[in-house]
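# Report on the structure
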Amino acid sequence: MIQAVMVISTQAKPRLLKFYNFQAPEKHQDLVRSVFQLLSASPDSVSNFVKVDTIFGPGTKMVYKHLATLYFVFVFDSSENELAMLDLIQVFVEILDRCFKNVCELDIVFNFNKLHTILDEMILGGQVIETSSEQVVKSVEEIERLEKQSSTTSFIPKSITERFTR
Amino acid sequence: MASTPAAPAVAPSLVDTLFQRSLNDLVKSLRADPSAAGEAVAVARALSEIHREIRAPDAATKSVALQKLTYLSSLHFAPVGTHLLAFPAIELLASPHLPHKRLAYLAASLSLHPASLSLLPLATHQLHKDLSPSSAGAAHQQHLSALALQLLASPAAAAAPDLPVHLAHDLVPHLARGSPRAIAAAARVIAASPSAAVPVLFKPLAACLASPDPRASTAAAAAFCDLSAPPADATPFLPLAPDLYNLLTTSRSNWALIKVLKVFARLAPLEPRLAARIVDPVCQLLTRSSAMSLTFECIRTVLTALPAHDAAVRLAIGKAKEFVAADDDPNLRYLGLLALGLLGPAYASTVNDCRDAIVKSLGDADTNIRQEALHLIMGMVNENNIMDIAGMLISHVAKSDPEFANDILGAVLAACGHNVYEMVVDFDWYVSLLADMARTLLCAQGDEIGRQLVDVGLRVRDARPELVRSARTLLIDPALLGNHFLFPVLSAAAWVSGEYVDLTKDPVELVEALLQPRTSLLPISVRAVYIHAVFKVITWCFSVYVGRLGDSGMAVDVMFDRLAADQTVGSESNVALVSGEEQDIGASTVRKDPFSHESILYMINLIQTTVGPLINCNEVEVQERALNLIGFVHLVREIQELNKRNVADGDKPSRLEELVKTMQTVFCQELGPVSVNAQMKVATPDGLILNENLVELAGIVSEDDTTPSTSIFFYPCSRHSADTRDELAVSIDSSSLSEHRKRHGLFYLQTGKTEDEPNDYPQANDSLPSSSNNSVNDDKLKTAELVFAGKKSTATKSRPKVVKLDTEDFLSSMMPSANVPKEDPLSGALRDVLLGSDAKALSSQRASDINLEGMLNKTSSNESSSQQIENLGSHPASRSSSRTSKQQNHDKEKGTNPPESDGKEPRKHRSSGRSGHRQGKHKHREKSSTQPDTIPQAPVIQDFLL
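What comes next is a walk through the structure. (Residues numbered from 1 in each chain as written. Chains lettered and ligands numbered in written order. Predicted model: local features only at pLDDT ≥ 70, side-chain atom pairs only at ≥ 80, totals over all residues. Heavy atoms only, no water.)

## So, the side chain of glutamine 23 of chain A
All names here are of chain A. Mapped onto the elements, glutamine 23 comes out in the loop between strand S2 (14-19) and helix H1 (25-41). Residue classification places glutamine 23 among the buried positions, given a relative accessible area of 12%. A polar side-chain atom of glutamine 23 sits 3.4 Å from a polar atom in the side chain of lysine 27. With sequence-adjacent residues up to four places away left out, glutamine 23 is seen in contact with His28, Leu31 and Phe56. (Helix = DSSP H or I, 4+ residues; strand = E, 2+ residues; numbered from the N terminus. Buried < 20%, exposed > 50% of the residue type's maximum accessible area, 1.4 Å probe, protein only. Polar contact = N/O pair within 3.5 Å; in protein donor to acceptor, adjacent residues only side chain to side chain. Contact = heavy atoms within 4.5 Å.)

Okay, here's the thing in C-alpha cells:
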C-alpha cells in the first residue's frame, strides 16, 4: 500500500501531507524533515527511488519527482511497483495541471481542500482507486458542482440573520 | 449543540462571526512574514481566534474554523488538543450542508488519532447513515458514501476496534456494486480488525475479483495484494488462485496485472503446482508487455517465485540486463541491478556475464545504483575470485566519496570475515589487504579491521609472519597516529607485534616505533596496549640475549667485558646502564644485531626516558603498564649493579637468566580463540559444590556464555609498585599466573590431546634468518600445540588452518528459538471463517468439523509442523469429510454469485475443474504428509488450476 503522499517545497515547507498509516501528529514534522533531508541530498538526474526503512519502517521505499519548486513524494511498501508509483506521480501532477490550468506552487498553497479532494479521488486508504486523469478531473468537477448546488444558503450565516430578526 | 460557551470572555462575538477570516486570509497572513518567528506569531494568533470561533453555534463559522484548524495542524504542525478538533468535526459530520460535511470528513480523516478515538463511536451512526441508501439523488448519495468510506479507511478509524464491527455490514452492498472505493476500504477494515471483518467482508471481496468490471477486479487484486503482504501469512489466499489466474490471463490493466503478479509471487512458494501453472502467462507478459512497470514486476516474480523454471529465469535475466544497459534512465538501471540482486547463488555465473556493466555502475553518480552494484558484486564473491574482486573494490575506494568508500570497505570486510574467513585462502594476501584498507585515505572501519587483525592472528598460525610484517608497516608510519579512525587498527597492530614478537625481524625498530613521540596522540586504552607490547618485546629480547649468553657461554661474556674495557672507564658503561643517560650509542651498531649488548642497552634507555614519565600518568591503565615496564627495567639494572658490586662473574648471567625466564613464562602461553561453549566443557573439580555456593551466579554465567568471544586480551597482573617489587614477588606472581593458566587451560582447549602430537604446521619462524631464538620458540610451540591440538590438518592442504570453534553447536542451539513462527491474526481469522462457516453448512458433519476446527486452532497456536502432520494423519476421516463439505459449499457460493457477463469462459473452466476435482483430491491427500505447511488451508483450494 501507499504509506504517505507528500508535496514539499524546495524551501522545506510541506504543501500537502497525507499519511495512510497512523503516524503520531507530533512526529509529522520530523518525518517531513528527514524526508526533505533525503530529497535535498540527492542530486538531479539520479534514480528517483530511496529506501526509507529508517523513517517509515522496514521494506518501505520512497519515490519522488522534482518539478519546479516542489517535490512530489510517494512512500510505499512492497505491495506497490516502483515504476507504477512513478507513473502515479505523473498522473497526479497531470491532474493538478488540468484542474488548475498550469499549476504552480501558489495554486497548491491556496487550495488545501481541493488538493485533498483530488488526492482522495485517486487514493483511498493507501490503495490506488483511480489512475485515469480524465476520470479524476471529471469526479472533482462533479463534486464542485454538487457543492455549489448544496450551498444555496445565503452568504450571511444563519446565526446572524437570526440575531437581526429577533 | 456542544458549543455551550464556557466563559463569556471566549464566546464568539458577532464581530468574530461577521469578520471571520477565511482559510485564504489565514494563508495570506502566514505568508506575509515568511520568517520562522513571524510564522509562529501568525499561527498563535490564528489558533486563539480559532479557539473562539469553533465554539460558535453557527455551522458556517464553525466549519471555517475547523477548516483553518485542520490546515494548521496538517501543514504547520500546530499542536491541537485532540478534542478541540474532534468534537466539532464529528458534530459537523451530520450537517446537511455538503461543503460543511466535506470539511468535517476531511478534518476527521486527517486529524483524528488514537487519543481521540473515544469520540469516534459518536460518528458511527453518521457513517452508517451516509453509507446506506437515502432519498437523495444518486450522485449525491454516491458522494456521501465516498466520504464515509474515506473516513472508514483512514488510519484513525483503523485503530478503533468497534467501528469495523458496526459498519462492516454497510460495506457489503457497496462491495456487491463493485465500487473500488468500498473495496479499498474493506481491505483496510479487514487489515485493522480481521476477527470482526473477515466473516462479513471476505467473501464479497473475493467475489469482486471475478467481477466483469475491470475497475472492481483491479481494486480487488490490489486489496488482496495488500492483505497478503508480509508479515501477514499468504496461505489463506491460496483458494483465490483460480480467480487471480483468470485475471492474469484476461486482464488488460497493468495495475491489476502487477498486483496479481505480486500475489502469485507470495503464493507460489506455498503451493508447488502453482509455479508451473503461472510460468507461461508470466513469460508471455514479459515478452509482450511494453509497460516497464509490468515488465519489471514480471522479472521480479520470475526471479523470486519461479526460480526452478530455467527458461523463464533466463528470459527475465535478459530483460533485467536490458534495464541495466539503459544508459539514459537511472531508474531502470537501478531496478535492473535490484532485479539481478534477487537471483540466488545458482545464477552467479549468469550475473557474472554482465560484470563489466556492474563494475561500471560502481562509479555511477547515483548512490542507489552504486549500492546495488556493490551488493551484486558481493553476491558474486567466491573463494576463487575474492582476491580479484577485493582488489578491484579497494582500487575503487580511492575514487569514491567517503560514505561509499566505507560501504565498500565494510562489504569487503564482511565478505572476507564471513563464517571465520571461509572464503580466504591466502591469508598473507588478506593480512596485507587489511593493512592496505587501513591505509586508504577515507577509512573509517578501524574497529572491524583491528578486530580482524587480532582474530586472524589468533586463528591462523601461518598468517602470523605476514601479520607481524603488516603490523610493522602500520606502526612505523607516524602519519597514521593522527587519524583517530585508525586507533583500533594501531592497537591491534601493537598487540600483534607484542604477542608474536618472535617473528619480528627488528625488535629495536619495533620498540622505537612503539615509543615514538607521536604516540602521545593515542587514546589511553591504545597507549596501554603499546606499552604492554614494549614489555613483551623487551622481555623477549632479554630472553634471546640471555639465551645467547648461555649458549656461547664465555664468548659473549668476554664480549660483554671487552665492551666494558673498550670504554675509557669500565664503570662508565655500568653508569650508563644505571642512569640511562648515555643514549648516543650509535644506532648503526644497534641495527646490526638487535640482541647485542648495545641494542639491549639502547632499548632500556629508550624505555626509561619515554615510559619513565608515564608512571605519574593519571590514567590507571597507562600508569600500571608503565610501572610494570619500568619495574622490570629496574630489576634488570639492580642485577647488573649487584654483579658490579659482588664481582661474581658467573653469577650475573644466571641471575639475569632467572629473571628473564620468569618473565618469559608470563608471556609464553599462546592465546587462542575461545569457544562459546567452552565454559560448559569444563569439568567440575572435585570438592567444589556448585549448587550450594555458586547458584546465584547462574544468571551471570549463562549471560557470559551466550556472548561469543572472538579474541582475548590477557594482561598479566602485577600489582606491586616499582619500589617494593623484587624478584621473588614477580616469580610468585607469574608462577601463580601460569598455574592459573595450566589449571584453566581447558578454557582454551577444545579437546584434550597429548602434547607429543606431531606438529603439522610449518615452523612459524622458518622465514626468519636468526635461529638463535629456538629455545624460546620451542617453548611457545609446545604450548601452542596444546591450543591447536584439537584440530589436525594435512600437510598437503594449501589453505592454512583456521581455528574455528564449534560454531555449529552454537548455531544449532540457537535454531529452535529462531524457528518458531509467529501467529498471524489475519490468517487465523481467515482460517476461522473459512472453516467455521463450513461447520454450519452440513449439520451431519458438524461434530467432525468442530473437531477439525479445534484441532487446527490448536496446531496453529503450536505452529509445530511435525505436530500438524501427526494430528492430521490421525484424523483422515474428519479431514476428508470436511473437505467435501467445503467444496460443496464453495461451489454453492459460486453458484449464488455468478458473474453477470463474460462468465462463459470462467464457468466452463469451473465445471471442468469440478469433474477433475475428485482425482485431484486423492493425489493431494497422499501428498499431505510431505507438505505440512499448506495443509490447514489446502482443503479449500480448487484443483482445476493446478
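## Observations regarding the sheet that holds strand S1 (residues 2-9) of chain A
All names here are of chain A. An order of S2-S1-S5-S4-S3 is seen for the 5 strands of this open sheet, with the pairing classed as antiparallel. Edge positions in the open sheet fall to S2 and strand S3 (49-51), since each of these has one partner strand only. Adjacent strand axes in the sheet meet at a mean angle of 20° when their direction is disregarded. (Pairing = 2+ DSSP bridges. Axes fitted to C-alpha atoms, helices over the stretch in contact; angles between N-to-C directions.)

## What to know about the interface of chain B and chain A
The figure often quoted for interface size is the accessible area lost as the parts come together. Each side of the interface is counted separately: chain B has 70 residues, and chain A has 63 residues. Both faces combined, the contact of chain B with chain A buries some 5600 Å², and carbon together with sulfur accounts for 60% of it. Here chain B is connected to chain A by 7 salt bridges. Residue lysine 51 of chain A is joined to glutamate 372 of chain B by a salt bridge in which the shortest nitrogen-to-oxygen separation is 3.2 Å. Linking chain B with chain A are 24 residue pairs in polar contact (both at pLDDT 80 or more). For the side of chain B that touches chain A, the leading source of residues is helix H6 (residues 98-111) of chain B, giving 7 residues. Partitioned by chemical class, the residues of the side of chain B that touches chain A number 40 nonpolar, 14 polar and 16 charged. (Buried area = accessible area lost by both parts, 1.4 Å probe. Salt bridge = Lys/Arg side-chain N within 4 Å of Asp/Glu carboxyl O. Nonpolar A, V, L, I, M, F, W, Y, C, P; charged D, E, K, R; others polar.)

## Quick look at the pattern of salt bridges
Scanning the model with the defined rule gives 34 salt bridges over all chains in all. The partner of arginine 181 of chain B in a salt bridge is glutamate 121 of chain A, with the nearest N and O atoms 2.9 Å apart. Of the two residues, arginine 181 of chain B is situated in helix H11 (residues 180-192) and glutamate 121 of chain A in helix H5 (residues 112-122); the pairing between them involves two chains. In this structure glutamate 121 of chain A comes out as buried when scored by relative accessible area, which is 11%. The salt bridge involving glutamate 466 of chain B is made with arginine 469 of chain B; its shortest N-O contact spans 3.1 Å. With glutamate 466 of chain B and arginine 469 of chain B both in helix H27 (residues 464-475) and 3 residues apart, this pair spans about one turn of that helix. Judged by its relative accessible area of 36%, arginine 469 of chain B falls in the partly exposed class. A single salt-bridge network, built from bridges that share partners, covers Lys61 and Glu82 of chain A together with Lys262, Glu297 and Arg300 of chain B.

## Digging into the packing of aromatic side chains
Any pair of aromatic rings gets described here by the distance separating the centres and the angle formed by the planes. All names here are of chain B. Summed over the entire model, instances satisfying the criterion amount to 17 aromatic pairs over all chains. Taking 6.4 Å as the distance between ring centres and 75° as the angle between the ring planes, the aromatic pair formed by phenylalanine 542 and tyrosine 545 counts as edge-to-face. Placement of the pair is phenylalanine 542 and tyrosine 545 together in helix H30 (residues 524-551), with a separation of 3 residues, close to one helical turn. The pair phenylalanine 542 / tyrosine 545 is uniform in exposure class, with both members buried. (Phe/Tyr/Trp six-rings, centres within 6.5 Å; stacked < 30°, edge-to-face > 60°.)

## Concerning the pairing of strand S4 (residues 61-67) of chain A
All names here are of chain A. Pairing geometry for S3 and S4, over 3 bridges, is antiparallel. Pairing of phenylalanine 49 across the sheet is with valine 63, part of S4. Between S4 and strand S5 (residues 70-76), which pair antiparallel in sequence order, lie 2 residues; one of them, alanine 68, sits at a positive phi of approximately 50°.

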